[in-house]
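Coordinate analysis (summary)
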Amino acid sequence: MYTSSDQSADNLAPRLPQLGEKAPAFESTTTQGPLRLSDLKGQWVILFSHPADFTPVCSTELMAFARLQGEFTRRKCRLVGLSVDSVYSHIAWVRDLERIGGFPVDFPIIADVDMHIARAYGMIHAGAGEAATVRSLFVIDPEGLLRAMLHYPPNVGRNVPEVLRLLEALQTADRENVATPADWQPGEPVLVSTPRTQEAAQRRLEEGYECEAWYLCHRPPDKS
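Summary of the structure given here. (Residues numbered from 1 in each chain as written. Predicted model: local features only at pLDDT ≥ 70, side-chain atom pairs only at ≥ 80, totals over all residues. Heavy atoms only, no water.)

1. Quick word on the sheet that holds strand S10 (residues 216-219)
The strand order S8-S10-S9 describes an open sheet built from three strands, whose pairing is antiparallel. Sheet topology places strand S8 (190-191) and strand S9 (210-213) at the edges, where each strand pairs with a single neighbour. (Pairing = 2+ DSSP bridges. Helix = DSSP H or I, 4+ residues; strand = E, 2+ residues; numbered from the N terminus.)

This is the structure:
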C-alpha cells in the first residue's frame, strides 16, 4: 500500500520518455566537439549510455560498437555514446580502446557531467546502486521520435549485433509497412497487417501470402 509520502515521491519523480514521443532535446560537449540532437535530424540515431569509463564491460561494448560502426553508417544511423565522465576521461579511454581493439571509435561520446541528459532520458536508476548511468539505449528515428529503448544492468553487456538487427527491423517495418516476427533476421519473410473485418479475413487467405491462419501471414521482404 502506498503512503502519502510514497505518492509525493512519485509526483516528484521525473517523467520518463515514452515510445513514439519526441526524444528530449540536448546540447552537450562530446569527444568530437559540441553536439545538439537537432544536428542529427533526418538520420537514425542510437544514443547509448555506459556506467563509467575504464571499466571492463563498458570497454568491451565500446569496442563492439566500433567494430560494427560501418554497418550502422551504411544504414544511415549515427552512434552517440554517453556517460557522466568528463570529456578528458572519454578521450583518454577512447585512445586506449583504439589501441586494444584495433578499430577507431569514430563516434561522439557525450560528457554528461551534470547528468542533465541522463536524467531527461531516465538513464539514472536508483535501484542499480550507483549514481551513474545504467546501460540504456535509445533508437531515435529521422523525425526525432523515440522508437525503441533498452535498459541493461551495469554488470551485463549488450549484444551489439542485436542492436543492429533492431535498427534494421524498424527500418524494414517503416519502409514496407509490415511487421517483423520473433527472431527475424534481415532478408527473412515479414508479417503483413492483420485484417480488421470478416470479409478482409477471408480475402487475406486468397491473396497469395503464406498463411498459417487468417491473422498470421508472411510475405518475402522487398528486394529493392
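2. Some details on the layout of surface pockets
What the largest pocket holds in volume is close to 230 Å³. Contributing to the lining of the largest pocket are 14 residues, with Arg75, Glu168, Gln171, Thr172 and Arg175 lying nearest its centre. The dominant element in the lining of the largest pocket, judged by the number of residues it contributes, is helix H6 (residues 160-176), at five residues. Counted by class, the lining of the largest pocket contains three nonpolar, four polar and seven charged residues. There is about 170 Å³ of room inside the second largest pocket. Taken together, 15 residues line the second largest pocket, and the ones lying closest to its centre are Leu37, Ser38, Lys41, Glu143 and Gly144. Grouping the constituent residues of the lining of the second largest pocket by class yields seven nonpolar, four polar and four charged. (1 Å grid on protein atoms, 1.4 Å probe; cavity = no way out; pocket = protein on both sides within 12 Å on 5 of 7 lines; lining within 4 Å. Points joined across faces, edges and corners; volume = space filled by probe spheres on them. Nonpolar A, V, L, I, M, F, W, Y, C, P; charged D, E, K, R; others polar.)

3. Thoughts on the packing of aromatic side chains
Tallying each qualifying case throughout the model produces six aromatic pairs. With 6.5 Å between their ring centres and 65° between their planes, Phe26 and Tyr121 make a pair best called edge-to-face. In this pair, Phe26 sits in the loop between helix H1 (4-12) and strand S1 (27-30) while Tyr121 sits in the loop between helix H5 (116-120) and strand S6 (135-140), placing the two residues 95 residues apart along the sequence. Side by side, Phe26 and Tyr121 carry an identical accessibility label, which is buried. (Phe/Tyr/Trp six-rings, centres within 6.5 Å; stacked < 30°, edge-to-face > 60°. Buried < 20%, exposed > 50% of the residue type's maximum accessible area, 1.4 Å probe, protein only.)

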